[in-house]
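Listed below are the residues making up each chain.
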Amino acid sequence: MNECILIIGAGQAGAQAALTLREAGFPGRITLIGEEAYPPYQRPPLSKAFLAGELERERLFFRPSEAYAQLNISLMLNTRVDAIERDSQQVLLQNGERLGYDRLLIATGTRARIASIPGAEKSGALYLRSLDDSIAISNALRSGKTLTIIGGGYIGLEIAAIASKKGIRTTILEAQDRILKRVTAEPVAEFLHQVHLRNGVDIQTNTQIESITGNETGCTVQCSRGPRSESASDKTDSFETDCIVIGIGAEPRVELAAEAGLETDNGIVVNQYAQTSDPNIFAAGDCTNHPNALVGENIRLESVQNAIEQAQAAALNLVGENTSYAATPWFWSDQYDVKLRIAGLSHHFDETVLRGNPDDNIFSLFYLRKGVLVAVDTINDAPTFMATKQLIAQQRRIPKDILADTGQKLKKLKDYPPT
């Protein structure tokens, strides 16, 4: 029987699933469907090395298009799926064609969250999610002298670092009272804040965007203020800028799943086997809401590690295995000479422990929940990151004074009891 597995979404998760199916010996047909014109590519460099001009476009691609053909994987690019027809086990393409499947994987990822700011669309404000987005921002940075970034999250900070290194006068406008409010504790956020200030970036917090006027050749951003940030350089309520980049997060692309009657809730809801509410349909990557043992609840993750490892599990389960996905999440960010690595999930933490001195440009911040190590943020501290990943997975309960002591070798702490 020549079974067919369709994969909707030709990003990291979709490509990984297709390759894993072949590695697992699946002999049937595999069709990988992507909306973009490019073969599957890496997304993290889009706000890092590629945007900085340090990585050629060809090196973004996981494999050249011919490699998929050699593996008998049908790669359909520039192709949009309009509907999943579960009763007939078919998908409807935008051009009216229907493709049948025996089993289906949804790996549609996320889209940039669009700001509801009057005038933003007409202003030519840019977002970063795709390769074409990164190219557009790169072109804008070459032609402009000033840049305003709306949003003080990781994407905004990474773009700011690249722009300032190019000599572009850069301003970050953040609605919260500090940068990285939702994703990291104050010591790490303050350290990165100071790094950007030293590199000439103006960070304005407690700043609400009221409107944007202008076009691609120049804009004015009108703001209203909450309590002032110490970093604010003046009291103006407007900013003149050559270019605007908006980075206010991402949204899971769940429309196909929802319209097909699959369960969704901040993502496509799947079990530990990456299976949706339809036994013939699986989902993997940034678009999924899946169970996580570290926090004891369902979560949605936007990370390369999650896309790869959940896609691997999904692929094996598509061919009848029973592989549970339960990895410890990790993330990273590059800004100037700072390498931030994060392991675990700091959700619901109730205590932090600082290891090292931020003034030395090397330190780590541990997150505890009821005494259990649940996450770590490391700054230029790869050994602590590597050792702590294992301790988090084991849910170790390590005394705070031991964690804070830089003389202690963390890789030797596996003897402390798990929960």
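Residues numbered from 1 in each chain as written. Predicted model: local features only at pLDDT ≥ 70, side-chain atom pairs only at ≥ 80, totals over all residues. Heavy atoms only, no water.

1. Things to note about the overall build of the protein
A count of helical and extended segments in the protein gives 9 helices and 25 strands. By the compact-globule yardstick of 22 Å for 419 residues, the protein fits well, its C-alpha radius of gyration being 23 Å. Dimensions along the principal axes, computed over C-alpha positions, put the protein at roughly 70 × 60 × 35 Å. Within the protein, the fraction of its 419 residues that count as buried is 52%. On the protein, roughly 18,700 Å² of surface is accessible, and the fraction owed to carbon and sulfur atoms is 46%. Side-chain charges in the protein split into 42 positive and 51 negative, and the spacing between the mean points of these groups amounts to 4 Å. (Helix = DSSP H or I, 4+ residues; strand = E, 2+ residues; numbered from the N terminus. Rg over C-alpha atoms; globule rule 2.2 N^0.38 Å. Buried < 20%, exposed > 50% of the residue type's maximum accessible area, 1.4 Å probe, protein only. Areas by Shrake-Rupley, 256 points an atom, 1.4 Å probe, with all protein chains shown as cover. Lys, Arg positive; Asp, Glu negative; His and termini not counted. Charge placed at Lys NZ, Arg CZ, Asp CG, Glu CD.)

2. Some points on the confidence of the model for the protein
In the predicted model, the protein carries a mean pLDDT of 93, and the fraction of residues at 70 or more is 95%. In the predicted structure, residues 228–234 sits below a pLDDT of 50 and forms 17 contacts with residues beyond four places in sequence or in another chain. (pLDDT = per-residue confidence, 0-100. Contact = heavy atoms within 4.5 Å.)

3. Brief notes about the pattern of salt bridges
Applying the stated criterion to the full structure yields 16 salt bridges. Across the salt bridge formed by R98 and E85, the nearest N and O atoms sit 2.9 Å from each other. Placement of the pair is R98 in strand 6 (residues 98–100) and E85 in strand 4 (residues 81–85), with a sequence separation of 13 residues. With a relative accessible area of 43%, R98 lands in the partly exposed category. Of the residues examined, E85 reaches a relative accessible area of 22% and is grouped as partly exposed. (Salt bridge = Lys/Arg side-chain N within 4 Å of Asp/Glu carboxyl O.)

4. A word on the sheet that holds strand 17 (residues 268–269)
In spatial order, the strands read 17-19-20; together these 3 strands make up an open sheet with mixed pairing. The open sheet has two edge strands, strand 17 and strand 20 (297–299), and neither has a second partner. In this sheet, strand 20 lies alongside strand 19 (residues 288–292) in antiparallel orientation, the contact comprising 3 bridges. Along strand 20, the bridge assignment pairs H290 with I299. (Pairing = 2+ DSSP bridges.)

5. Things to note about the packing of aromatic side chains
The final tally for this structure, using the stated rule, is 6 aromatic pairs. Judged by centre distance (6.0 Å) and plane angle (35°), the rings of W330 and W332 are tilted. The partly exposed category is assigned to W330, whose relative accessible area is 28%. What makes W332 partly exposed here is its relative accessible area of 29%. Between F349 and Y367, the aromatic rings sit 5.0 Å apart at their centres with planes inclined by 80°, giving edge-to-face as the arrangement. Placement of the pair is F349 in the loop between strand 22 (338–344) and strand 23 (351–357) and Y367 in strand 24 (residues 362–369), with a sequence separation of 18 residues. An aromatic cluster of three or more residues is present, and its members are Y38, Y41 and F61. (Phe/Tyr/Trp six-rings, centres within 6.5 Å; stacked < 30°, edge-to-face > 60°.)

6. Focus: the state of the cysteines
Taken as a whole and assessed by the stated rule, the structure comprises 0 disulfides. C4 takes part in no disulfide bond, and the closest cysteine sulfur, belonging to C287, lies 19 Å away. A relative accessible area of 0% means that C287 is categorised as buried. (Disulfide = S-S within 2.5 Å.)

7. Some points on the environment of T20
Relative to the assigned elements, T20 resides in helix 1 (residues 12–23). Sequence separation between T20 and A311 is 291 residues; the distance between their C-alpha atoms is 8.2 Å.

8. Let's talk about helix 4 (residues 154–165)
Between its first and last C-alpha, helix 4 extends 17 Å over 12 residues, near the 16 Å set by a 1.5 Å rise per residue. Within helix 4, 9 of the 12 residues are buried, which leaves it mostly tucked inside the rest of the structure. Turning to helix 4, its buried residues are G156, L157, E158, I159, A160, A161, I162, A163 and S164. On the buried face of helix 4, the contacting elements are helix 3 (131–143), strand 9 (146–150), strand 10 (169–173), helix 5 (186–198), strand 15 (243–246) and strand 21 (330–335). Directly after helix 4, the chain includes G167, whose backbone phi takes a positive value near 85°. (Expected span 1.5 Å × (residues − 1).)

9. As for the environment of A18
Within the secondary structure, A18 is located in helix 1. When its relative accessible area of 0% is taken as the criterion, A18 is described as buried. In this view, A18 contacts I7, I30, L32 and I73; residues no more than four positions away in its chain are not counted.

10. Section: the side chain of T108
Within the fold, T108 resides in the loop between strand 7 (103–106) and strand 8 (110–112). Of the polar contacts made by the side chain of T108, one reaches the backbone oxygen of R253; its length is 2.7 Å. With near-sequence residues (within four places) excluded, T108 lies in contact with I8, R253, I268 and C287. (Polar contact = N/O pair within 3.5 Å; in protein donor to acceptor, adjacent residues only side chain to side chain.)

11. Structural notes on the nonpolar core
Residues L131, I137, L147, I159, L192 and V245 are the most contacted members of the largest nonpolar core, which totals 47 residues. Only helix 3, strand 9, helix 4, helix 5, strand 15, strand 22, strand 24 and strand 25 (372–379) provide two or more residues apiece to this core. Residue contributions to this core peak at 6 residues, all from helix 4. Contacts of I137, omitting those with residues within four sequence positions, involve L51, L126, Y127, L128, I159 and V245. Counting 24 residues, the second largest nonpolar core, distinct from the first, contains A15, A18, L19 and F282. (Core = buried A, V, L, I, M, F, W, Y, C linked by side-chain atoms within 4.5 Å.)

12. Here we look at the pairing of strand 10
The buried fraction of strand 10 amounts to 4 of the 5 residues, a majority that puts the element mostly inside the structure. Sheet topology places strand 9 next to strand 10; 5 bridges connect them, and they run parallel. The residue bridging L147 from the neighbouring strand is T170, located in strand 10. For the crossover that starts at strand 9, traverses helix 4 and ends in the parallel strand 10, the hand is right-handed. Bridge analysis of strand 10 against strand 11 (residues 202–204) gives 3 bridges, and the strand direction is parallel. Along strand 11, the bridge assignment pairs I172 with I203. Between the parallel elements strand 10 and strand 11, the chain passes through helix 5 in a crossover that is right-handed. (Right-handed = clockwise from strand over helix to strand, strands pointing away.)

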